[in-house]
Amino acid sequence: MPFPTDFAWGAATSSYQIEGAVEADGKGASIWDTFAHTPGAIANGDTGDVACDHYHRWRDDVELMASYGLNAYRFSVSWPRVQPDGRGRPNEQGLDFYRRLTEALRERGIRPALTLNHWDIPQALQDRGGWQSRDTVERFADYARLCAEALRDRVEWWITHNEPWIISALGYRLGIHAPGVKDTEAELRTAHHLLLSHGAAVEAYRATGLAAPVGITLNLLPTYPQTESEADARAATLSDGYTNRWYLEPVFNGRYPADMLEYFGDRFSLDWIRPGDVERAAQPIDFLGVNYYSRRVVRAPRPDEQAEFAWVVRTETTTGVPTSDLGWEMTPPVLRDLLVHLRDTYRSPTILITENGCSLNDEIAPDGRVHDPRRIAFLDGHLRAVAEAIDAGVDVRGYFAWSLLDNFEWAEGYGPRFGLSYVDYPTQRRIPKDSFAWYRDVVAGNGPA
Ligand code: IFM
């Protein structure tokens, strides 16, 4: 296996999904605290109030990672925990939590990768417009500076945003994530401010003198036409422009893709894109974080069909292609093609796979263990795809399985289980699944056998 000797083998989590303790030690409310308590917003009425109680159990969770040999861990900082109103003086108690966590990780040889925004921004900022407001861009830069100054010696990789497309599309167009807005122009304005704030945060971070690598994590959806028709090919190009290129092009090339600017420009004024903005989003970065779960197949809308866009996402799956228990197709070879495509299109960026995993309806077996052979097959297939990409010359430096623990899966609540460790929520007991034991051997062998 061609994995470099210092390859990062890790698992990932995010603050709202695991921490709980939503009012502890001076933490302010986040938009997810508000949204999760909105009747009907989350399956089963679940909330992140307790989640995996990681805020109190973090020592055990670090021990768990160490005992399974991980050498890296990706987590996110809860912005309202360290800056309750999203502005002004930091909450030192909140920062102390991340100081202790990162120190303990380092002591065990686990390199921390920190994400600044994995969606749970302060409610106080939302009350002033949230990501739709340009002011949030500068607030985010201040927050980046504050975290860089507090955690400067301990963090190995800094990530500005996690999945800006999901934030914009699910939070502002579909309204199924916080803050629950349903407005396509709001989605695009949000995406713009996220991109701009990414650039502003990189500037702020560099101004502190930090030299550790900084990047952004995008969830990339390799998109294929449903048929060979010209109409479906055009639908696939536009859909790719909407989910992938709308973010990749500003970050790497300092411009929005021309075809999408024309497409959206015909529908919206886009007057919130100001001169110099997109260039600012293109601050040089040290790596691209790639979250990959599945491909996307699209088609052109039928003449009698009411569709919002010039593409329609196919909902049925392909016969013979395995799916997760959330119905997502498992298509490992697509990851290799995606990585090679990124290398060829965006000047060979250094890449960290910041998330990859699958949700299964895991259960505790009569022997007290959790047997998840389908997850092992999923992870194995994707790691082989990463190995092939490395062999083809792609500069991949790390892989973070999603997720360390079963956790709060946003609008789906606690039903889906993505963890390497099962979490028995009533007792908070962690039960490492068979896949975690398998992953331990992968890490020890620097790649699957
Ligand atoms: O749980 C999420 C995570 O927060 C962001 N990426 C996708 C995961 C699975 O849906």
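What counts, and at which threshold
- Residues numbered from 1 in each chain as written.
- Predicted model: local features only at pLDDT ≥ 70, side-chain atom pairs only at ≥ 80, totals over all residues.
- Heavy atoms only, no water.
- Near = heavy atom within 4 Å.
- Polar contact = N/O pair within 3.5 Å; in protein donor to acceptor, adjacent residues only side chain to side chain.
- Areas by Shrake-Rupley, 256 points an atom, 1.4 Å probe, with all protein chains shown as cover.
- Nonpolar A, V, L, I, M, F, W, Y, C, P; charged D, E, K, R; others polar.
- Helix = DSSP H or I, 4+ residues; strand = E, 2+ residues; numbered from the N terminus.
- Buried < 20%, exposed > 50% of the residue type's maximum accessible area, 1.4 Å probe, protein only.
- Contact = heavy atoms within 4.5 Å.
- Pairing = 2+ DSSP bridges.
- Axes fitted to C-alpha atoms, helices over the stretch in contact; angles between N-to-C directions.
- Parallel < 35°, antiparallel > 145°, perpendicular 65-115°, else oblique.
- Left-handed = near helix turned anticlockwise from the far one by under 90°.
- Phe/Tyr/Trp six-rings, centres within 6.5 Å; stacked < 30°, edge-to-face > 60°.
- Disulfide = S-S within 2.5 Å.
- Salt bridge = Lys/Arg side-chain N within 4 Å of Asp/Glu carboxyl O.
- Expected span 1.5 Å × (residues − 1).

Draft legend 1. Region of interest: the site of the ligand. The full set of residues close to the ligand is Gln17, His118, Trp119, Asn162, Glu163, Tyr293, Trp328, Glu355, Trp402, Glu409, Trp410 and Phe418. One of the side-chain nitrogen or oxygen atoms of Glu409 is found 2.5 Å away from an oxygen atom of the ligand. Coverage of the ligand by the protein amounts to 94% of the 280 Å² it exposes when considered alone. Here the residues of the shell around the ligand sort into six nonpolar, three polar and three charged.

Draft legend 2. Highlighting the environment of Arg145. Mapped onto the fold, Arg145 is located in helix H7 (residues 135-151). With a relative accessible area of 32%, Arg145 lands in the partly exposed category. It is 28 Å that separates the C-alpha atoms of Arg145 and Leu404, two residues lying 259 residues apart in sequence. Sequence-distant contacts of Arg145, that is, excluding residues within four places in its chain, are made with Ala204 and Thr208.

Draft legend 3. Focus on the pairing of strand S2 (residues 72-76). Summarising burial for S2: five of the five residues are buried, a large majority. Residues Ala72, Arg74 and Ser76 of S2 are buried on one face, and the alternating residues Tyr73 and Phe75, pointing to the opposite face, are buried as well. With three bridges joining them, strand S1 (residues 8-12) and S2 adopt parallel strand pairing. The partner of Gly10 across the bridge, within S2, is Ala72.

Draft legend 4. Structural view of the packing of helix H9 (residues 184-207) against helix H10 (residues 230-253). One can describe the packing of H9 onto H10 by two numbers: an axis separation of 10 Å at closest approach and a directional angle of 30 degrees. Judged on the interaxial angle alone, H10 and H9 are roughly parallel. In the crossing of H9 with H10, the sense of the turn from one axis to the other is right-handed. For the pair H9 and H10, contact is made by Glu187, Leu188, Ala191, Leu195 and His198 and by Tyr242, Trp246, Tyr247, Pro250 and Val251, respectively.

Draft legend 5. Main features of the sheet that holds strand S6 (residues 223-225). Strand order in this open sheet of three strands is S6-S8-S9, and the pairing throughout is mixed. With partners counted over all chains shown, the strands left at the sheet margins are S6 and strand S9 (312-313), one partner each. Sheet topology note: the strand S8 (residues 296-299)/S9 ladder contains two bridges and is antiparallel. From the neighbouring strand, Val298 faces S9, where its bridge partner is Val313. Sheet strands touched by H10: S6 and S8. Its angle to S6, the strand with the most contacts, is close to 165 degrees.

Draft legend 6. Layout of the packing of aromatic side chains. Going through the model one piece at a time under the given rule, you end up with 41 aromatic pairs. Taken together, a centroid distance of 5.9 Å and an interplanar angle of 55 degrees make the contact between Phe140 and Tyr143 tilted. Here Phe140 pairs with Tyr143, and both are found in helix H7, just three residues apart, close to one helical turn. For Phe140, a relative accessible area of 0% translates into the label buried.

Draft legend 7. Representation of the sheet that holds strand S10 (residues 351-355). Reading around the circumference, S1-S2-S3-S4-S5-S7-S10-S11 is the order of the eight strands in this closed barrel, with parallel pairing throughout. Averaged over all neighbouring strand pairs, the angle between strand axes comes to 25 degrees, with direction disregarded. Direction of pairing for strand S7 (residues 287-291) relative to S10: parallel, over a ladder of four bridges. Considered in S10, the bridge of Val290 is made with Ile353. Contacts from H7 reach strand S3 (111-117) and strand S4 (157-162), with the element oriented near 160 degrees to S3.

Draft legend 8. Representation of the state of the cysteines in the model. Following the criterion strictly, the structure yields zero disulfides and no others. Take Cys358: it sits in no disulfide, and the sulfur closest to it among the cysteines is that of Cys52, at 17 Å. By relative accessible area, Cys358 is classed as buried at 2%.

Draft legend 9. Examining the pattern of salt bridges more closely. Taken as a whole, this structure holds 40 salt bridges when the rule is applied. We note a salt bridge from Arg280 to Glu203, for which the minimum N-O separation is 2.9 Å. A residue pair is termed long-range when its members are at least 10 positions apart, and Arg280 in helix H12 (residues 277-281) and Glu203 in helix H9 qualify at 77 residues. Glu203 gets classed as partly exposed once you look at its relative accessible area, which sits at 30%. The salt bridge involving Arg417 is made with Asp406; its shortest N-O contact spans 2.6 Å. Here the residue Arg417 occupies a position in the loop between strand S11 (396-402) and strand S12 (421-424), and Asp406 occupies one in the loop between S11 and S12, the gap between them amounting to 11 residues. Across this residue pair, the class does not change: Arg417 and Asp406 are buried. Each of Asp362, Asp372, Arg375, Asp406, Arg417 and Lys433 takes part in salt bridges that share partners, so that together they form one network.

Draft legend 10. Here's a closer look at H9. Its 24 residues place the ends of H9 35 Å apart at the C-alpha level, agreeing with the 34 Å of an ideal helix rising 1.5 Å per residue. Buried residues dominate H9, accounting for 19 of its 24 residues. Residue Asp183 occupies the N-cap position of H9, its side-chain oxygen lying 3.0 Å from the main-chain nitrogen of Glu185. Looking one or two residues past H9, Gly209 carries a phi angle of roughly 90 degrees, positive in sign.

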